[in-house]
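Structural characterization, general
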Amino acid sequence: MRANVRQGWLAGVGLVALGAVAVAIVQAVLSDYLVTLICIVLIYVMLTVSLQVTNGLTGLFSLGHPAFMTIGAYVAAVLTYPAQRKSFMMPELPPWLATQQWDLLPALLVGAAAAMLSALIVGFCVLRLKGHYLAVATLGLIIIVRVVINNLDGYTRGGLGLSGVARLTDLWWVYAWTVLAVYVAWRIKHASLGRAMLAIRENEMAARCMGIDVFRTRLLAFVLGAFFAGIAGGLMVHLVTVITPGSYGIALAFNLVVMVVIGGTGSITGGILAAVAISLLGEALKPFEETVELYGLSQVLIALGLILILRLRPQGLFGSAEPVFLPHLRATPQVSSSS
Amino acid sequence: MSQYYLQQLINGLMLGSLYALVAIGFSMIYGIVRLINFAHGDVLMIGAFMTLALIAAGTPWLLVAPVVLLTGALAGITIERVVFRPIRGAPQVTGFIATLALSVMIENGGLMLLSPQPRNFLFPDLMRTRVPIGPATVALTDLVIIVTTLILVGVLMVIVRRSRLGIAMRATAENLAVARLMGIDVNRTIMAAFALGSALAAIAGLLWGGRFGQIDPLMGLAPGLKAFVACVIGGVGSIPGAMLGGYLLGLGEVLFVGLLPPEYAGYRDAFVFATLILVLLVLPNGLLGRSEEERA
Amino acid sequence: MLEITDLHVRRGATHVLRGVSLAVADGEMATLIGPNGAGKTTLLMTISGLLPVRSGTLRSRIDGEMRSLERLPADRIVAAGIVHCPEGRQVFASLTVRENLLIGAYRRHARDDLRADLERCFALFPILAERQALSAGSLSGGEQMMLAISRALMARPRLLLLDEPSLGLAPRVVETIFEVILEINRAGTTVLLVEQNAELALEVADRGYVMETGRIVHSGTGQALLDDPAVKQAYLGIAP
């Protein structure tokens, strides 16, 4: 067992190091556009993997990631915004805030904290109830966040959107946070917390009889997902440098659900693969959509694909398991998987 | 009662009527298959666009409403057959995902085929005549909306409470297996529930378009979600509850905008969904709902 | 009236019925007893069309000739005169007593005799007449059983399938119910009775079947099974 854990550690560190080398090469060699694209894809990976913990492992149906992204993004963007133009762009900001100009990391963390707080509030109200309440409550949260930001235009520039956000994100930042997200998700899944989550997903009553605090575990999964979504939002806004209240909306929520389902609800590797495939597909189809003037085509195709998967292979790529060729990365004995 | 408040009351009843129409259909579907139909709001959009198409084709107004009802019913039956029936008995999550995907498909299909540009839509001039009620004057449109809703809901209640189909629907909603043992064709009964509920949503689309003047492919999203809020307020799965919830929500929204200073008017949607979350915390079964077991 | 030959039924991955064969003659009162999990309820659910048949035949006399039931959906089986009164009573709690009875008659096309049939049910169980307008959920366990049986009767069954009518009821109530069941049988309705209360069931039955793990292991007249020492020991709690 000892040797196994050591092996797992080494394999993991090896993978990360390999990835770091790849990042260095990519940054040096590829064009700006491609590097940005890779950043976006990795951010989607981060979003999907964190949603796997909430929706996939624990069986919740949260559509809230875009709301948490928006919160994290706006908070971080306001904090890092160049101080000279801040009071001009956002006139109602209190002076102590308007003169500040933060670095990326603290801004990201505060943004994510704000996202976690809203998750805590909503989750507290809703997570004791049946699944569909969370689904609609999180959709409602997307709308609440959009409306509030729209109306607080003295602080956020409302519908005009915030442009000129400092381009602080680079591939290293994205890579580091994505690795962290994957690591956290992986460790949770293979620890007793992950097993508790799976138990809740499969049979809540039985889980409760085993002494699992269902409400607290759900809340934890929900808030944790919100944290990474907040970070993702912060990273995204500092990559594309613009944001409007509707930037991250219901369409994104749906696409994330698709990634989770196609990857296999509860499979981290599956989530990663699905996120990469689908986000690349979306980006590839965008120029086509514009030339043919059929806006919404990629969404229709994705939705169609999802319905087909639900009919033909409802467990997605990997079900709840990780692919068999990754035994060395498991630090603990195999979790019993259910597809 | 002062003119202003009376005006607001009528506005609230009008909006509430629209919400009630959508919420009742939503509740019927939820009651019988225990699944949220995320695409229900999109049926409203289909009704609105069908109205536009009929008007453009020169159809006399008297025919438009029945055709729209029929369109809604057909849409509902199609949705049931294509999406809901294949997943009957599957875990609840599959249901969410499937109806969410359906909604995305319908909305984006609309965007693709109809363009995101809002279209205009006018009721005949007659509707703009103002009718005096007490100290206020009310557009005929608003009265028509309220009265139409009450009539349609009345008819529906008669069907549900008294007719053979209604009793079959209530039995199927309560216990599908035993309903089959009674010799009820549950497939047809469920289809009927979808047809009736969706017909109401489609008519709501006609009324909505005529009242607010503009329609676009994404117009159904917000009313669909608000219908759910109405159901939660009134009690999920209960038709009178959906109606009550719809009217309370409509009145609440209008009062919110009417009573607070104008700078808060933009927050009305946030208010609606904040109410949802609050009601879920305090009164999860709604005002009239029977208490479901707390969890799935 | 009912012929079952080598019936195999699966529920999910479990092979519940493993070659069940039995027959119920016209006008007979047959009973099926056996331990929990033997498959008795599964058998009734298969006959009434709620579960699909894996293999084997299931036939009943419809309009004079023996027809197979395996492919028929549940509502057509009710139309053919086979009515299943399910385990645990399962009345529609949100409907009134009267509505429950009316829905029992859902399938029938001759609606004019409805009133007469309601009266007949009320005559069998006067308490139901009293409680007509109340919601079925407010009835006691015994009253719900009466309602469930009446509801089944409203469909004018030729064959009545009863799943554990005595379950959870006080002995006095059980007595009343069984008296009514006998009356129904004497009036011409064939009855297939599944029961945990083996002694009571065998006393009233013309023919009995004993089912264990998906197979019929004993059969005979009611009296013969009552006297059979193996049955006595296993199901009647009587020491040899």
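Focus: the overall build of chain A
A tally of helices and strands in chain A yields 15 helices and two strands. On C-alpha atoms alone, chain A measures out to a radius of gyration of 20 Å, which is about the 20 Å that the 2.2 N^0.38 rule sets for 339 residues. Expressed as lengths along the three principal axes of its C-alpha atoms, the size of chain A is roughly 60 × 50 × 45 Å. Look at the contacts in chain A between residues 6 or more apart in sequence, and 80% of them connect residues 24 or more apart.

Focus on the overall build of chain C
Looking only at helices and strands, chain C features ten helices and ten strands. The C-alpha atoms of chain C give a radius of gyration of 17 Å, which matches the 18 Å a tight globule of 240 residues would have. For chain C, the C-alpha atoms occupy an extent of roughly 50 × 40 × 35 Å along the three principal directions. A total of 240 residues make up chain C; the buried ones form 45% of that total. Partitioning the intrachain contacts of chain C with sequence separation of at least 6 by distance along the chain shows that 67% fall at a separation of at least 24.

Some words on the sheet that holds strand 2 (residues 14-24) of chain C
The pairing of strands in a sheet comes from backbone hydrogen bonds and takes either a parallel or an antiparallel form. All names here are of chain C. What the four strands build is an open sheet, ordered 2-1-4-5; its pairing is antiparallel. On the outer flanks of this sheet lie strand 2 and strand 5 (65-68), each paired with one strand and no other. With direction set aside, neighbouring strand axes in the sheet form an average angle of 30°.

A closer look at the interface of chain B and chain A
Contact with chain B, which involves 33 residues of that partner, is made by 39 residues of chain A. Elements supplying a minimum of two residues to the side of chain B that touches chain A: helix 4 (92-114), helix 9 (221-234) and helix 11 (268-282) of chain B. It is helix 4 of chain B that provides the largest number of residues to the side of chain B that touches chain A, a total of 14 residues. Here the residues of the side of chain B that touches chain A sort into 25 nonpolar, five polar and three charged.

Examining the arrangement of the chains
Ranking the two pairs of chains in contact by contact count places chains A and B at the top. At the level of C-alpha atoms, the two units chain A and chain C stay apart, their nearest approach being 15 Å.

Topic: the interface of chain B and chain C
Chain B puts 15 residues into the contact, and the matching count from chain C is 20 residues. Elements supplying a minimum of two residues to the side of chain B that touches chain C: helix 6 (164-174) and helix 7 (176-181) of chain B. Among the elements that line the side of chain B that touches chain C, the one with the most residues is helix 6 of chain B, at six residues.

Here we look at the pairing of strand 2 (residues 130-133) of chain B
Residues and elements named next belong to chain B. Across four bridges, the pairing between strand 2 and strand 3 (residues 136-139) is antiparallel. Across the sheet, residue valine 131 finds its bridge partner in strand 3, namely valine 138. In textbook terms, the turn of a hairpin is the stretch between consecutive antiparallel strands, and for strand 2 and strand 3 this stretch comprises two residues, one of which, glycine 134, has a positive phi near 60°.

Topic: the environment of threonine 71 of chain B
All names here are of chain B. Mapped onto the fold, threonine 71 is located in helix 3 (residues 61-84). Residue threonine 71 is classed as buried on the basis of its 24 C-beta neighbours within 10 Å. The spatial distance from the C-alpha of threonine 71 to the C-alpha of alanine 199 is 7.1 Å, given a sequence separation of 128 residues. Filtering out sequence-adjacent residues up to four positions away, threonine 71 remains in contact with Ile46, Gly47, Met50 and Ala202.

A short note on the nonpolar core
In terms of nonpolar packing, the biggest core is built from 283 residues, with Ile24, Ala202 and Ile203 of chain B touching the most fellow members. For isoleucine 24 of chain B, the residues in contact, after removing those within four places along its chain, are Val153, Leu156, Leu200, Ile239, Ala242 and Met243 of chain B.

So, the packing of helix 7 (residues 131-151) of chain A against helix 11 of chain B
Between two packed helices, what matters for the description is the angle formed by their axes and the separation of those axes. It is the contact of helix 7 of chain A with helix 11 of chain B, at a shortest axis distance of 8 Å, that shows an interaxial angle of 145°. When the axes of helix 7 of chain A and helix 11 of chain B are compared, the crossing they make is left-handed. Contacts from Tyr133, Ala137, Gly140, Ile143, Ile144, Val147 and Val148 of chain A of helix 7 of chain A reach helix 11 of chain B at Asp269, Ala270, Phe273, Ala274, Leu276, Ile277 and Leu280 of chain B. Partitioning the contact of helix 7 of chain A with helix 11 of chain B into residue classes produces twelve nonpolar, one polar and one charged.

Brief notes about the pairing of strand 5 of chain C
Pairing geometry for strand 4 (residues 55-62) of chain C and strand 5 of chain C, over four bridges, is antiparallel. The residue of strand 5 of chain C that forms the bridge with arginine 61 of chain C is methionine 66 of chain C.

Overview of the environment of alanine 198 of chain C
Residues and elements named next belong to chain C. Mapped onto the elements of the fold, alanine 198 is located in helix 8 (residues 198-204). Put simply, alanine 198 and leucine 32 are 166 residues apart on the chain and 8.6 Å apart in space, counted from C-alpha to C-alpha. Other than its neighbours up to four places away in sequence, alanine 198 contacts Ile33, Tyr235 and Leu236.

Examining helix 6 (residues 104-126) of chain A
Spanning 23 residues, helix 6 of chain A covers 33 Å between terminal C-alpha atoms, matching the ideal 33 Å at 1.5 Å per step. The inward-facing, buried residues of helix 6 of chain A contact helix 3 (65-80), helix 7 and helix 12 (214-240) of chain A together with helix 11 of chain B.

Digging into the sheet that holds strand 6 (residues 82-85) of chain C
All names here are of chain C. Judged by pairing direction, the sheet is mixed, and its six strands sit side by side in the order 6-7-8-3-9-10 without closing on themselves. Of all strands in the sheet, those bounded by a partner on one side alone are strand 6 and strand 10 (215-221). Each strand axis lies, on average, 15° off the axis of its neighbour in the sheet, ignoring direction. As defined by bridge partners, strand 3 (residues 29-33) adjoins strand 9 (residues 207-212) across four bridges and the pair is classed as parallel. Note that in strand 9 the partner of alanine 30 across the bridge is arginine 207.

Observations regarding the packing of helix 14 (residues 268-292) of chain A against helix 15 (residues 297-312) of chain A
All names here are of chain A. Axis separation between helix 14 and helix 15 bottoms out at 9 Å; the angle between their running directions is 145°. Where helix 14 approaches helix 15, its residues Ile278, Gly282, Leu285, Lys286 and Glu289 are matched on the opposing element by Leu297, Ser298 and Ile302. For the contact of helix 14 with helix 15, a count of residues per class yields four nonpolar, two polar and two charged.

Here we look at the confidence of the model for chain C
Residue and element names in this part refer to chain C. Scored by pLDDT, chain C has a mean of 88; 97% of the residues are at 70 or more. For chain C, the element scoring lowest by mean pLDDT is helix 10 (residues 229-235), at 77; strand 7 (residues 159-163) scores highest, at 94. Scored as a whole, the predicted complex attains pTM 0.87, and scored at its interfaces, ipTM 0.87.

Looking at the environment of valine 179 of chain A
Inspection of the secondary structure puts valine 179 of chain A in helix 9 (residues 171-189). Measuring from C-alpha to C-alpha, the distance between valine 179 of chain A and serine 247 of chain A comes to 25 Å, with 68 residues separating the pair along the chain.

Structural notes on unusual backbone geometry
Notably, arginine 157 of chain A is not glycine yet its phi reads approximately 70°, a positive angle. Within the fold, arginine 157 of chain A resides in the loop between helix 8 (153-156) and strand 1 (162-163). Residue classification places arginine 157 of chain A among the buried positions, given that 21 C-beta atoms sit within 10 Å. In the Ramachandran plot, arginine 89 of chain C falls in the positive-phi region, its phi being about 70° despite a non-glycine side chain. Examined against the element boundaries, arginine 89 of chain C turns out to sit in the loop between strand 6 and helix 3 (97-104).

Rules behind the numbers
Residues numbered from 1 in each chain as written. Chains lettered and ligands numbered in written order. Predicted model: local features only at pLDDT ≥ 70, side-chain atom pairs only at ≥ 80, totals over all residues. Helix = DSSP H or I, 4+ residues; strand = E, 2+ residues; numbered from the N terminus. Rg over C-alpha atoms; globule rule 2.2 N^0.38 Å. Contact = placed C-beta atoms within 7 Å. Buried ≥ 20, exposed ≤ 12 C-beta atoms within 10 Å, placed from the backbone. Pairing = 2+ DSSP bridges. Axes fitted to C-alpha atoms, helices over the stretch in contact; angles between N-to-C directions. Nonpolar A, V, L, I, M, F, W, Y, C, P; charged D, E, K, R; others polar. Core = buried A, V, L, I, M, F, W, Y, C linked by C-beta atoms within 7 Å. Left-handed = near helix turned anticlockwise from the far one by under 90°. Expected span 1.5 Å × (residues − 1). pLDDT = per-residue confidence, 0-100.

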